[in-house]
Amino acid sequence: MIGQSTVLAAEFPPSVEDFYLPSILPWGAHDSYWFTKVTFLIWVAVAAIIIFFLVSYRKPQLVPTKKQWMAESAYGFVRNNIAVEMIGPRGVAFAPYLTTLFMFILLNNFFGIVPLVQISPNSHIAFPAILAVISYFMFIIVGIRHHGFFKYFKTALIPPAPWFILPLLIPIEFFSNFMVRPFSLAVRLFANMFAGHMLLLVFTLGGFAMISSNVWFTPFSIVSWLMTIALTLLEFLVICLQAYVFTVLTASYVQGALADEH
Amino acid sequence: MAGQKLPNESPGDDGPPPPDTGMGMTAVAYLFSGMLVWGGIGWLIDHWVGTKGIFAGIGAVVGIGGGVYLIVRRLGA
């Protein structure tokens, strides 16, 4: 990490460029972003989740082993505290998707504070955007299948109100239900991860910039690095919270799509 | 064990329920949408008529009113 950071320390105020890591395949190519560390981390996350859940549930025991207990707790947490809590008994059907979503976001966010890895793929908006699009289409399709096409859009767009204010309210409903939702889902996750990475970069590289400009600044550099450690702990909270919020909001949108008329 | 029972049957046994993030976000989304949609429509009218922002202002206020009304109707008891 020190070697990597001293290389980066030359350009102190960190910029968006710092999020575009060098290409791995082809090695060292410029302006090629097909396979970078971020791509690699995404596949690591996918593989880790698949392997973890397959291995831990290969021989399920009545008295669970440690690994099985961890996998069951993760699934049980999402099923009981998110799916069933938000959607109701029907939520069990969505628990597998929500668990996958939760674990995937959690692991990808977590890469942001793993030493030596320290970048989250979710700090590129493409990944949260795709996740938000999946959730978006899912809740619309769930609603259409539950209510039928016209009835779903009727419940989603027409609030219980006297007819003469409906022209005022329907555009608001449309905008908030079908345009703000995917946008805010994606941007919330992306912005939190982006800002977290930026914050850590500022304090780490700031320490290097100070120490290399003047030896007398060393104490400030050390304070700056201590701040990095403190912020890493704060980042851990943000990571868990954002994974939770994304999953809870997806569940709440599904609940809204399944809700019966008021 | 955690996966074995549904807490819905016995609320309050498993510690505090999760914060109702969904509802808060919906309310905020309604407020912003109201302001943006009708403020935007007002802004377009401004452009069309040639005024300097009076319709955008009226639109934003009306939109916020609509948003508050929606919150009361959709999320209120």
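Given the structure is predicted, the values throughout are model-derived calculations rather than measurements.

Calculation criteria
- Residues numbered from 1 in each chain as written.
- Chains lettered and ligands numbered in written order.
- Predicted model: local features only at pLDDT ≥ 70, side-chain atom pairs only at ≥ 80, totals over all residues.
- Heavy atoms only, no water.
- Helix = DSSP H or I, 4+ residues; strand = E, 2+ residues; numbered from the N terminus.
- Buried < 20%, exposed > 50% of the residue type's maximum accessible area, 1.4 Å probe, protein only.
- Contact = heavy atoms within 4.5 Å.
- Areas by Shrake-Rupley, 256 points an atom, 1.4 Å probe, with all protein chains shown as cover.
- Patch = residues over 30% accessible without salt bridge, like charges linked within 9 Å, V, L, I, M, F, W, Y side chains within 5 Å.
- Salt bridge = Lys/Arg side-chain N within 4 Å of Asp/Glu carboxyl O.
- UniProt positions renumbered as here; feature names shortened; annotations may be inferred.

K.L.:
For this particular structure, what's the right way to read the overall build of chain B?
P.N.:
The helix and strand tally for chain B stands at 2 helices and 0 strands. By residue count, 31% of the 77 residues in chain B fall in the buried class. Sequence-distant contacts in chain B: of pairs separated by 6 or more residues, those separated by 24 or more amount to 50%. In the form shown here, chain B has an accessible surface area of approximately 4,900 Å², with 73% of it arising from carbon and sulfur atoms.

K.L.:
Looking at this structure, how should I read a nonpolar patch on the surface?
P.N.:
Residues and elements named next belong to chain B. Among the surface-exposed residues, Val28, Leu31, Phe32, Met35, Leu36, Ile64, Val68 and Val72 lie close enough to one another that they form a single nonpolar patch of about 640 Å² accessible area. Elements represented by at least two residues in the nonpolar patch include exactly α1 (21-49) and α2 (54-75). If you tally residues by element for the nonpolar patch, the top one is α1, at 5 residues. Looking at the secondary structure, you find valine 72 in helix α2.

K.L.:
Any chance you could explain the pattern of salt bridges here in plain terms?
P.N.:
A pair can form between side chains of opposite charge whenever their charged atoms are brought close. In this structure the tally under the stated criterion is 1 salt bridge over all chains. Here Glu173(A) ties to Arg74(B) by a salt bridge, and the two come within 2.7 Å at their closest N and O atoms. Placement of Glu173(A) in helix α7 (residues 166-213) and of Arg74(B) in helix α2 is noted, with the two residues assigned to different chains. Considered together, Glu173(A) and Arg74(B) belong to a single accessibility category, that of buried residues.

K.L.:
Teacher, can you tell me more about the UniProt feature "transmembrane region" (unreviewed entry) in chain A here?
P.N.:
All names here are of chain A. Per the UniProt record, "transmembrane region" (unreviewed entry) is found at residues 34-57, 94-119, 125-144, 156-178, 190-211 and 223-245. Each end of residues 190-211 is marked by a C-alpha atom, and these two atoms are 32 Å apart; helix forms 100% of the span and strand 0%. Across residues 223-245, the secondary structure splits into 100% helix and 0% strand, with the terminal C-alpha atoms separated by 32 Å.

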